Amino acid sequence: MKESSAVARVSDRLPAFPWDRLEPYKAEASAHPGGVVDLSVGTPVDPVPEIIQDALAAASDSPGYPTVWGTAALRAAITGWAGRRLGAAGLADTNVLPVVGSKELVAWLPTQLGLGPGDRVAYPRLAYPTYEVGARLVGAEPVVYDPGTFAAGAAGAELDPAGLKLLWLNSPSNPTGRVLTKDELRSAVEWARAHDVLLVSDECYLELGWEPDAEPVSVLHPEICGGSYEGVVAVHSLSKRSNLAGYRAAFLLGDESVLGELLQIRKHGGMMVPAPVQTATIAALGDDGHVAVQRERYARRRAVLRAAFEGAGFRIEHSEASLYLWATRDESCWDTVAELAGRGILVAPGDFYGAAGERYVRIAFTATDERVDEAVRRLK
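Colleague: Describe the packing of helix α3 (residues 72-86) against helix α9 (residues 275-285), listing the residues and the values that go with them.
Modeller: Remark: α3 packs on α9, axes separated minimally by 9 Å, with the N-to-C direction vectors making an angle of 25°. Judged by the angle between their axes, α3 and α9 are roughly parallel. As for how α3 packs across α9, the hand of that crossing is left-handed. Listed contacts from α9 to A73, L74, A77, I78, W81 and R84 of α3 are Q278, T281, I282 and L285. Among the residues forming the contact of α3 with α9, the class breakdown is 7 nonpolar, 2 polar and 1 charged.

This is the structure in structure tokens:
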């Protein structure tokens, strides 16, 4: 088919979609007797909690358009949850904004901030690939940094603030599960404010911390942001903590001047969270019980998979939070992927998340109990 001259090939700015490279290994693993144990993608597999399903069903007769800002009840649910769970004080309606899933927000935030050629976007050296995608979509320069740059005494020394408009944090990290300390978070906020750089913290795994000495903390906590949300935005999602990946339910909290501008842009773009999903989000944020139940499921899966992979010669690094084990056998990640695929186990190669991951694999513990137990059996 002839390509239209009116259509610019924006996709040429982007890297190859990483998951396409995994398809041959998925096919091999799927051919294993007993089927594939897919530990490659962190997608929820457990049921949506009934309290959320009931709320969605009750709101199913929603013939009118929802609003981009969401209902007053939704905004109240978000601010109430953030005060209770994040310790964020004094949040008003102007400090929150619902979004259509966090991936959409990550990919399109540089566009909606008006960034372009000559601007720079920084994100961790090992990171969710969509941070880079968002920068490349607008022709901005992607810049990687080591999160340790905000450790004591470093104070952002690795980062050049010239032209830097957006600084992504990700704690707990995808893929490594690393949790930034309060001192590191505070240092990052102070550095960003000193250099007039917008700091956006991806906190989608915040409620999935496992090690008592590495409790995840939000940048919105007064000990981190000093009680002011100026220049700081946090991204949260219900995909992981409430099994709502299929609902595309997420939201932003923080600087009202930034969120107010995004609200105006998103109104023009029609970026509306569906009304039934807004109602389901209210139910999810108002109930902590289902989160505790899901945490117990993941804790059990994490424990048995960690023991099994360590018993099979893997070394686990970081992994104190999130839904992943960051593992290595000190070999090429693709050699590890291939060997495990031969056992019918599919994992994600570490170089999906940056060149620094080339000798690691990411192991998701989001499979069912039956599949997790089957992986343990095969690893023995």
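Moving on from the model shown.
Colleague: Outline the sheet that holds strand β9 (residues 315-317), listing residues and values.
Modeller: Spatially, β9-β10-β13-β12 is the arrangement adopted by the 4 strands of the open sheet, whose pairing is antiparallel. Each end of this open sheet is capped by a strand with a single partner; those strands are β9 and β12 (348-349). Packed onto the sheet, helix α10 (residues 289-311) meets β9, β10 (324-328) and β13 (361-364) and runs at close to 5° relative to β10.

Colleague: Explain the packing of helix α4 (residues 102-112) against helix α8 (residues 256-269) to me, using residue names and the numbers behind them.
Modeller: How two helices pack is summed up by the angle between their axes together with the distance between the axes. Their axes nearest at 11 Å, the elements α4 and α8 cross at an angle of 100°. Compared by their axis directions, α4 and α8 come out roughly perpendicular. For the pair α4 and α8, contact is made by E104, L105, L109 and Q112 and by L262, I265 and R266, respectively. Of the residues contributing to the contact of α4 with α8, the split by class is 4 nonpolar, 1 polar and 2 charged.

Colleague: Hey, could you go over the nonpolar core for me, with residue numbers and the actual values?
Modeller: Counting residues in hydrophobic clusters, the biggest one holds 67 residues, and the most contacted among them are L39, W168, L252 and L305. With 5 residues, helix α11 (residues 333-342) is the single largest residue contributor to this core. If near-sequence neighbours (up to four positions away) are discounted, L252 is found in contact with N95, V96, L97, V99, L105, V233, A234, V235, L259 and L262. Formed by 47 residues, the second largest nonpolar core is a distinct cluster that contains W81, V197, L206 and V232.

The rules behind these values
Residues numbered from 1 in each chain as written. Predicted model: local features only at pLDDT ≥ 70, side-chain atom pairs only at ≥ 80, totals over all residues. Heavy atoms only, no water. Axes fitted to C-alpha atoms, helices over the stretch in contact; angles between N-to-C directions. Helix = DSSP H or I, 4+ residues; strand = E, 2+ residues; numbered from the N terminus. Parallel < 35°, antiparallel > 145°, perpendicular 65-115°, else oblique. Left-handed = near helix turned anticlockwise from the far one by under 90°. Contact = heavy atoms within 4.5 Å. Nonpolar A, V, L, I, M, F, W, Y, C, P; charged D, E, K, R; others polar. Pairing = 2+ DSSP bridges. Core = buried A, V, L, I, M, F, W, Y, C linked by side-chain atoms within 4.5 Å. Buried < 20%, exposed > 50% of the residue type's maximum accessible area, 1.4 Å probe, protein only.

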